[in-house]
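Structural characterization, general
If you want the building blocks of each chain, they are given just below.
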Amino acid sequence: MAIGRGGTAPRRRSGAGSGMWRGVARRVLRNGGAGSHRAASGAAAAQLRRRLESELEDIRGAGTWKSERVIASRQGPHVQLAGGGGGILNFCANNYLGLSSHPEVIRAAVEALEKFGAGLSSVRFICGTQSIHKDLEEKITRFHRREDAILYASCFDANAGIFETLLTAEDAVLSDELNHASIVDGIRLCKANKYRYKHVDMQDLEAKLQDAQKYRLRLVATDGAFSMDGDIAPLREMCQLAQKYDALVFIDDCHGTGFLGPNGRGTDELLGVMDKVTIVNSTLGKALGGAAGGYTTGPKPLIDLLRQRSRPYLFSNSLPPPVVACASKALDLLMESNAIAQSMTAKTQRFRSKMTAAGFTISGKDHPICPVMLGDARLAAVMAEDMLKRGIYVIGFSYPVVPKGKARIRVQISAVHSNEDIDRCVEAFTEVGRKHGALP
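Summarised in this report is the structure supplied together with it.

With that settled, consider the nonpolar core. Ranked by size, the top nonpolar core spans 31 residues in total, and within it Leu-97, Leu-136, Ile-140, Leu-151, Phe-259 and Leu-284 carry the most contacts. At the level of secondary structure, the elements contributing two or more residues to this core comprise α3 (103–116), α5 (131–144), β3 (148–152), α13 (321–336) and α14 (339–358). Ranked by residue count, the leading element in this core is α13, at eight residues. Not counting chain neighbours up to four residues away, the residues in contact with Phe-259 comprise Tyr-96, Leu-97, Gly-264, Ala-287, Ala-341, Met-344, His-367 and Pro-368.

Listed below in structure tokens is the structure:
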């Protein structure tokens, strides 16, 4: 029995209190006892397990199961897999410029860890902003030649935060049908009137812009470079339509930032429309160091509003200092010289031309994303497995990541691949393709 503050046991109360507990006991007995709730919960859990196992078996049966291989080394053109698979040529990373293992990038991260710590344990507006966060935002702003920039934990978060903050039920958003899932999900969160135009089809976009004239603001949203097909949005034509119909253009340039364009500033620089694209979202987790993080860059009033209203920004911890330092050093290297990006361009052309000569169909054009189109999901999966047996790490992509009937193995070229690496990859593809009937 508990002892009261005065050192004596409190009196046991009767009446209303004891009557309440007797009522609880009667209800428990009437409902079959406390164990019945556990039994009901156990039945629900068992039912859920059966449904999930059935759904997982359907995925395996369709040949679309996605296995995760474990790398036991740092990211790079050559990796070691857990379990002893060493000396594997890696052709499936977004490490376009090879900066994820660059010694200066790694050294910058170590120095930031020692100076600023592992993390901030807080969101930005409370006590999670350090000088390196502001320095990186200023550097991103200069790199993209915009007015301001805001950091996020990922570009997925940047896409989740932009549309809901910017657009209301009075506005319209027009999205390419093959836009990245994060753009699709971000648009779902907003109340704007939604249009989806056919992939890079400017006639369809124009028709939808005409229909959207009744709304206050029109925002055209597109990937700069499309990650599954390696093709690039026709930004010149898109910006012309935007000017004609008084619309704004937004691009997610995760697969363009750092290496497309004369100075690696992305697809808008490549196509000469940096002054016509209003908003750019991109990532720090691909060409810019390969760690994590994303950002929005554009008009300063928009960035200011995102700091006040964007939910992923307001309710997520700030980027860890080592991650910030990695990206900052990567931008330094890019702004000093474009030699790395030019090297990657030559290697991309080498792979595409040799694979085409071998008889493969390669989607996209002049982009280091080189999808080897196979059509059949099982074929893509078994060929990827056979490629690994030959020391080439590539991944098969199938539905729902890509449309049904458009399965492929996506190869990604990096500036740190050697010509010998590329030739070895092509030779392995040719052998495996003939073995499985993908080539005559």
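If you walk across this open sheet you meet the seven strands as β3-β9-β8-β7-β6-β4-β5, and the pairing is mixed. Looking at the sheet topology across the chains shown, the edges are occupied by β3 and β5 (193–197). Geometrically, the sheet is characterised by an average inter-axis angle of 20 degrees between neighbouring strands, direction not taken into account. Lying on the sheet, helix α6 (residues 155–166) is in contact with β3, β4 (172–176), β6 (218–223), β7 (248–252), β8 (279–283) and β9 (294–298); it crosses β8 at an angle near 155 degrees. Along the sheet face, helix α9 (residues 235–244) touches β5, β6 and β7 and points at about 150 degrees away from the line of β7.

A few words on α3. Each turn of an α-helix holds 3.6 residues, which means side chains three or four residues apart point in the same direction. Across its 14 residues, α3 extends 20 Å between first and last C-alpha, which sits within 8% of the 20 Å expected from 1.5 Å per residue. Where the residues of α3 are buried, they touch α13. Directly beyond the C-terminal end of α3, a positive phi value near 90 degrees is found at Gly-117.

With that settled, the discussion passes to the environment of Val-372. For Val-372, the position within the fold is in strand β10 (residues 369–375). In this structure, the C-alpha to C-alpha distance between Val-372 and Phe-116, residues 256 residues apart in sequence, is 44 Å. Setting aside residues no more than four positions away along its own chain, Val-372 makes contact with Met-355, Phe-360, Thr-361, Ile-362, Arg-408, Ile-409, Val-411 and Phe-429.

This brings us to the pattern of salt bridges. According to the stated counting rule, one finds 25 salt bridges in the structure shown. One salt bridge in this structure joins Lys-208 and Asp-204, with 2.8 Å as the shortest N-O distance. With Lys-208 and Asp-204 both in helix α8 (residues 202–211) and four residues apart, the pair spans about one turn of that helix. Using a relative accessible area of 13% as the deciding quantity, one classes Asp-204 as buried. Residues Lys-300 and Asp-304 are paired through a salt bridge, measuring 3.0 Å at the closest nitrogen-oxygen approach. Here the residue Lys-300 and the residue Asp-304 both occupy positions in helix α11 (residues 300–309), the gap between them amounting to four residues, near one helical turn.

Turning our attention to a nonpolar patch on the surface. A surface patch of nonpolar side chains, about 240 Å² in accessible area, is lined by Leu-56, Ile-59 and Trp-65. Relative to the helices and strands, Ile-59 resides in helix α2 (residues 35–61).

What follows concerns the pairing of β5. Both β4 and β5 contribute to a ladder of five bridges, which runs parallel. Across the sheet, the residue bridging to Ser-175 is Arg-196, located in β5. You can see the chain leave β4, run along helix α7 (residues 181–189) and come back into β5, and the turn it takes is right-handed.

The subject of this paragraph is the packing of aromatic side chains. Taken as a whole and assessed by the stated rule, the structure comprises four aromatic pairs. Here Tyr-96 and Phe-259 contribute two aromatic rings whose centre-to-centre distance is 4.4 Å and whose plane-to-plane angle is 40 degrees, an arrangement assigned as tilted. Here Tyr-96, found in the loop between β2 (85–90) and α3, pairs with Phe-259, found in the loop between β7 and α10 (267–270); they are 163 residues apart in sequence, far enough to count as distant. Grouping residues by exposure puts Tyr-96 and Phe-259 together as buried. On the basis of an interplanar angle of 70 degrees and a centroid distance of 6.1 Å, the ring pair of Tyr-152 and Tyr-313 is categorised as edge-to-face. With a gap of 161 residues between them, Tyr-152 in strand β3 and Tyr-313 in helix α12 (residues 311–314) connect regions that are remote in the sequence. Each member of the pair, Tyr-152 as well as Tyr-313, is classed as buried. The ring of Tyr-399 has Lys-404 sitting right over it, with the charged end atom 4.8 Å from the ring centre.

Take unusual backbone geometry next. For the peptide bond that leads from Tyr-399 to Pro-400, omega is 10 degrees, which places it in the cis range. Inspection of the secondary structure puts Pro-400 in the loop between β12 (395–397) and β13 (407–412). At Asp-246, a residue that is not glycine, the phi angle is positive and equals roughly 55 degrees. Its location among the elements puts Asp-246 in the loop between α9 and β7. Here the phi dihedral of Asp-366 falls at roughly 60 degrees; this positive angle occurs in a residue that is not glycine. Tracing the sequence through the fold places Asp-366 in the loop between α14 and β10. When its relative accessible area of 48% is taken as the criterion, Asp-366 is described as partly exposed.

Topologically, Ser-318 is positioned in the loop between α12 and α13. Polar contacts involving the side chain of Ser-318 include one to the main-chain carbonyl oxygen of Gly-128, which spans 2.7 Å. Discounting residues that sit within four places of it in the chain, Ser-318 has contacts with Leu-120, Ser-122, Val-123, Arg-124, Gly-128 and His-133.

Reading the values: the criteria
Residues numbered from 1 in each chain as written. Predicted model: local features only at pLDDT ≥ 70, side-chain atom pairs only at ≥ 80, totals over all residues. Heavy atoms only, no water. Core = buried A, V, L, I, M, F, W, Y, C linked by side-chain atoms within 4.5 Å. Buried < 20%, exposed > 50% of the residue type's maximum accessible area, 1.4 Å probe, protein only. Helix = DSSP H or I, 4+ residues; strand = E, 2+ residues; numbered from the N terminus. Contact = heavy atoms within 4.5 Å. Pairing = 2+ DSSP bridges. Axes fitted to C-alpha atoms, helices over the stretch in contact; angles between N-to-C directions. Expected span 1.5 Å × (residues − 1). Salt bridge = Lys/Arg side-chain N within 4 Å of Asp/Glu carboxyl O. Patch = residues over 30% accessible without salt bridge, like charges linked within 9 Å, V, L, I, M, F, W, Y side chains within 5 Å. Areas by Shrake-Rupley, 256 points an atom, 1.4 Å probe, with all protein chains shown as cover. Right-handed = clockwise from strand over helix to strand, strands pointing away. Phe/Tyr/Trp six-rings, centres within 6.5 Å; stacked < 30°, edge-to-face > 60°. Lys NZ or Arg CZ within 6 Å of the ring centre and 35° of its normal. Polar contact = N/O pair within 3.5 Å; in protein donor to acceptor, adjacent residues only side chain to side chain.

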